[in-house]
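Overview (structure and organization)
Listed below are the residues making up each chain.
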Amino acid sequence: MNRIKKFAYLGGGLFMFGVFFGFMIFPKILKIEIHKQVNLKPGTDVRDVWSKIPFALDFRVYLFNVTNPDGIKNGEKPILRQVGPYYFEEWHEKDKLIDSNKDDTVEYSTKNTYIFKAEKSHGLTGEEELVLPHIFILSLVMAAVRERPSAMPIINKAVNSMFKNSDNVFVKTKAMDLIFRGLPVDCSVTDTAATAVCNVVRENSDAFIVEDENHFKFSLLGTKNGTTSKDRTKVLRGVKKQADIGRVIEFNGKTKISKWNDTFCDSFNGTDSYIFRPYLYKDDDIVTYAPPICRSLSAYYEKETKVLGIHTNRYTVWLGDSSTIPQQKCYCPASGCLKAGVMDLHKCIGVPLVASHPHLWRAHNSYLKMVDGLNPTYEEHAIQIDFEPFSGTPIAGKKRMQFNIMIHPVEKFKIMKNFPEALLPLFWIEEGFLLSDELASQVKLLHRVRGIVKTMSIMMILGGLGISGYAGFMFYQEKQTMKIDVTKVASKNKNNNVALSVTNVENNGNTNANRYPLKNSNLKTVKVPPAVD
């Protein structure tokens, strides 16, 4: 019985330890350790990677070459040909960090550096001559049409003066001029119309490459390469509450976006898109704040994936439909809501650009019919982010956005007088990343530790059940053995009782039998011969 008890105690102990340690104690310990590391407090590995990403992001720029500029001037549908990608390494870091232990926040500015890589640009050098929309002229004209139509004669004169009587809003230029080097904006002219426009340019000189007080250049990235942004973002560090890690609470000192005149749309929701909380599962939407479009975007679960040998969940983003979704009505311009898949940015950036997914992916079909040369597909044009759910680590991703401008006939601007009505794509960008092998190995190590502990716990539970079952089997056998022994003893005692009964019967013939009972039932009766006279 002592042996059985030892097995029973051992089996029960293993079972209880496997359950409590593997499914109750260890997960709590692991969460505590993750909380110690996954926060933005100075000195943590996560803070170091978040502050300065130790590997280059893939940054691609795609331009749309206009093949029929003269035809568009005469009312034809735009025919486009995509040129790209122009591939850049993007080195991302955060500058001028200020921590606050009191409210558990860190404030920063961003600094991005772009390095062109011709060998990854499919033979493109950036010196290709393309016919591209002059974004500055188009934006100037369409903004005036929207905000001050009465000023169109002044805009017409200013464009003629500043751009030497240009006869088209499409310009033949090199790709790298638009992307980095810049297209010239001449403010040395002295006529009243040009002076009025140039005063606005000078007030917003941060958006231009400044050569001197009268000469500027407009480009897509020229002012952003290797310079620290003036925008300031404040996020929670997640030390006090891990679920809040990276959540944006202020931008440029404001606690609200203050662009859309709506409480919901003007609220900061989500992280800064560079860090996410742990424990992201399929039913969780992942929300980020995107400063370039002044709104938060919600990524939703799409499917399971596997990247770098790590099991991940893929999320995707859609801009939505302000014409049908009540919560997005606030994004509609005063002229009326745009259709599905696009977003008017005029309230956000002060320029009448329209954001969409590349090639108008998931945009209303009417926009696709306005131009030729687009071919939207999920693989090439959708936003895709693959997350490891337990640690919340983004393993791979492709953030994509296209910028367009709505064109239509402008009666008082002669070079656009006969324009067609169309949503004209200008360019699109892709920011992609794949986690470095070193960082991926750390995620894999976390999974290995979890797997080892889980396997050991299951083995202890199964082992405990097996040993307890064996102890039960031994106890059953012991009971059976005891039952057999008791039966044998009972049978033997019954036979002895019969023998004694027989002896007593024989002794009844002797008158002294009751007085002198026989001690031994094996004694025989002695026959005595009769007496002889």
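Figured I'd write up the structure that's included with this text.

Evaluation of the coordinates by the stated rule reveals 22 aromatic pairs. Geometrically, the ring pair formed by Phe136 and Phe163 is tilted, given 6.0 Å between the ring centres and 50° between the ring planes. One end of the pair, Phe136, is in helix α4 (residues 135–147); the other, Phe163, is in the loop between α5 (152–162) and β5 (170–174), with 27 residues separating them in the sequence. For the pair Trp260 and Tyr331, a centre-to-centre distance of 5.1 Å together with 90° between the ring planes defines the contact as edge-to-face. Residue Trp260 is located in the loop between β11 (248–251) and β12 (286–290), and its partner Tyr331 is located in the loop between β14 (310–317) and β15 (342–344); the two are separated by 71 residues in the primary sequence. For Trp260, a relative accessible area of 2% corresponds to the buried category. The class of Tyr331 is buried, set by a relative accessible area of 7%. Ring-pair connections join several aromatic residues into one group, and the members of that group are Phe59, Phe88, Tyr114, Phe116 and Phe180. Above the plane of the ring of Trp318 lies Arg362, whose end atom (NZ or CZ) is 4.2 Å from the centre. Over the ring of Trp361 we find Arg362, and its NZ or CZ is 5.7 Å from the ring centre.

We now examine the sheet that holds strand β8 (residues 215–218). In space, the 3 strands of this open sheet follow the order β6-β8-β7, with antiparallel pairing throughout. Looking at the sheet topology across the chains shown, the edges are occupied by β6 (183–186) and β7 (209–212). When the angles between neighbouring strand axes are averaged without regard to direction, this sheet yields 30°.

The next thing to look at is α5. Within α5, 8 of the 11 residues are buried, leaving the element largely enclosed by the surrounding structure. Here α5 has its buried residues at Met152, Ile155, Asn156, Ala158, Val159, Asn160, Ser161 and Met162. On its buried side, α5 packs onto α4, β6 and α7 (192–203). Looking at the residues trailing α5, positive phi occurs at Lys164, about 55°.

Before going further, it helps to examine the environment of Thr228. Structurally, the position occupied by Thr228 is in strand β9 (residues 227–228). Judged by its relative accessible area of 27%, Thr228 falls in the partly exposed class. Considering only alpha carbons, one finds Thr228 and Lys96, 132 residues apart in sequence, at a separation of 8.9 Å. If we skip the residues at most four places from it in the chain, Thr228 touches Asp95, Lys96, Ser109, Thr110 and Lys111. Engagement of the side chain of Thr228 in a polar contact is seen with the side chain of Asp95, the distance being 2.8 Å.

Moving on to the nonpolar core. Of all hydrophobic cores here, the largest spans 115 residues; its most connected members are Leu63, Tyr86, Phe136, Met162, Phe413 and Met416. The greatest single-element share of this core, amounting to 8 residues, is contributed by α4. Contacts of Phe413, omitting those with residues within four sequence positions, involve Ile137, Val141, Met152, Asn156, Val159 and Val169.

This paragraph deals with unusual backbone geometry. For the bond from Gly84 to Pro85, the omega torsion is 15°, close enough to zero to count as cis. Within the fold, Pro85 resides in strand β2 (residues 80–100). With a phi angle near 55°, Asn252 is a residue other than glycine that sits in the positive phi range. Tracing the sequence through the fold places Asn252 in the loop between β11 and β12.

It is worth spelling out the side chain of His359 at this point. Here His359 lies in the loop between β16 (353–356) and α9 (365–368). Residue class for His359 comes out buried when judged on its relative accessible area of 5%. Here the side chain of His359 touches Asn375 through a polar contact of 2.9 Å, landing on its backbone nitrogen.

Contact geometry of α5 with α7 gives a least axis separation of 7 Å together with a crossing angle of 90°. Comparing their axes, α7 and α5 come out roughly perpendicular. Judged by residue contacts, Ile154, Ile155, Lys157, Ala158, Ser161 and Met162 of α5 engage Ala193, Ala194, Val197 and Cys198 from α7. Residue composition of the contact of α5 with α7, by class: 8 nonpolar, 1 polar and 1 charged.

Further remarks concern the state of the cysteines. Under the definition given, this model contains 4 disulfides. Here the disulfide map of the protein chain reads 1-2, 3-5, 4-8, 6-7, the bonded cysteines being numbered as they appear in the sequence.

This next bit is on α7. Between the first and last C-alpha of α7 there are 17 Å, a value that for 12 residues agrees with the 16 Å anticipated at 1.5 Å per step. Residues of α7 that are buried include every one of Ala193, Ala194, Val197, Cys198 and Val201, and no others. Down the axis, α7 shows its buried residues gathered within 120° of arc, on one side only. Opposite its buried face, α7 presents the exposed residues Thr192 and Glu203, each directed more than 90 degrees away. Tucked inside the fold, the buried residues of α7 contact α4, α5, β6 and β8.

Mapping Ser273 onto the fold places it in the loop between β11 and β12. Apart from residues lying up to four places away in sequence, Ser273 is in contact with Thr288 and Lys399.

Turning our eyes to something else, we now look at the side chain of Ser109. Looking at the secondary structure, you find Ser109 in strand β3 (residues 105–116). Residue Ser109 is classed as buried on the basis of its relative accessible area, which comes to 2%. Among the polar contacts made by the side chain of Ser109, one reaches the main-chain carbonyl oxygen of Asp231 at a distance of 3.2 Å. Not counting the four nearest positions on each side in its chain, Ser109 is found in contact with Glu93, Lys94, Asp95, Thr228, Ser229, Asp231 and Arg232.

All right, on to a nonpolar patch on the surface then. A cluster of nonpolar residues, Met24, Ile25 and Ile29, forms a patch on the protein surface that exposes about 250 Å² of accessible area. For Met24, the position within the fold is in helix α1 (residues 2–37).

Rules and cut-offs
- Residues numbered from 1 in each chain as written.
- Predicted model: local features only at pLDDT ≥ 70, side-chain atom pairs only at ≥ 80, totals over all residues.
- Heavy atoms only, no water.
- Phe/Tyr/Trp six-rings, centres within 6.5 Å; stacked < 30°, edge-to-face > 60°.
- Helix = DSSP H or I, 4+ residues; strand = E, 2+ residues; numbered from the N terminus.
- Buried < 20%, exposed > 50% of the residue type's maximum accessible area, 1.4 Å probe, protein only.
- Lys NZ or Arg CZ within 6 Å of the ring centre and 35° of its normal.
- Pairing = 2+ DSSP bridges.
- Axes fitted to C-alpha atoms, helices over the stretch in contact; angles between N-to-C directions.
- Contact = heavy atoms within 4.5 Å.
- Polar contact = N/O pair within 3.5 Å; in protein donor to acceptor, adjacent residues only side chain to side chain.
- Core = buried A, V, L, I, M, F, W, Y, C linked by side-chain atoms within 4.5 Å.
- Parallel < 35°, antiparallel > 145°, perpendicular 65-115°, else oblique.
- Nonpolar A, V, L, I, M, F, W, Y, C, P; charged D, E, K, R; others polar.
- Disulfide = S-S within 2.5 Å.
- Expected span 1.5 Å × (residues − 1).
- Arc of directions from axis to C-beta.
- Patch = residues over 30% accessible without salt bridge, like charges linked within 9 Å, V, L, I, M, F, W, Y side chains within 5 Å.
- Areas by Shrake-Rupley, 256 points an atom, 1.4 Å probe, with all protein chains shown as cover.
- Salt bridge = Lys/Arg side-chain N within 4 Å of Asp/Glu carboxyl O.

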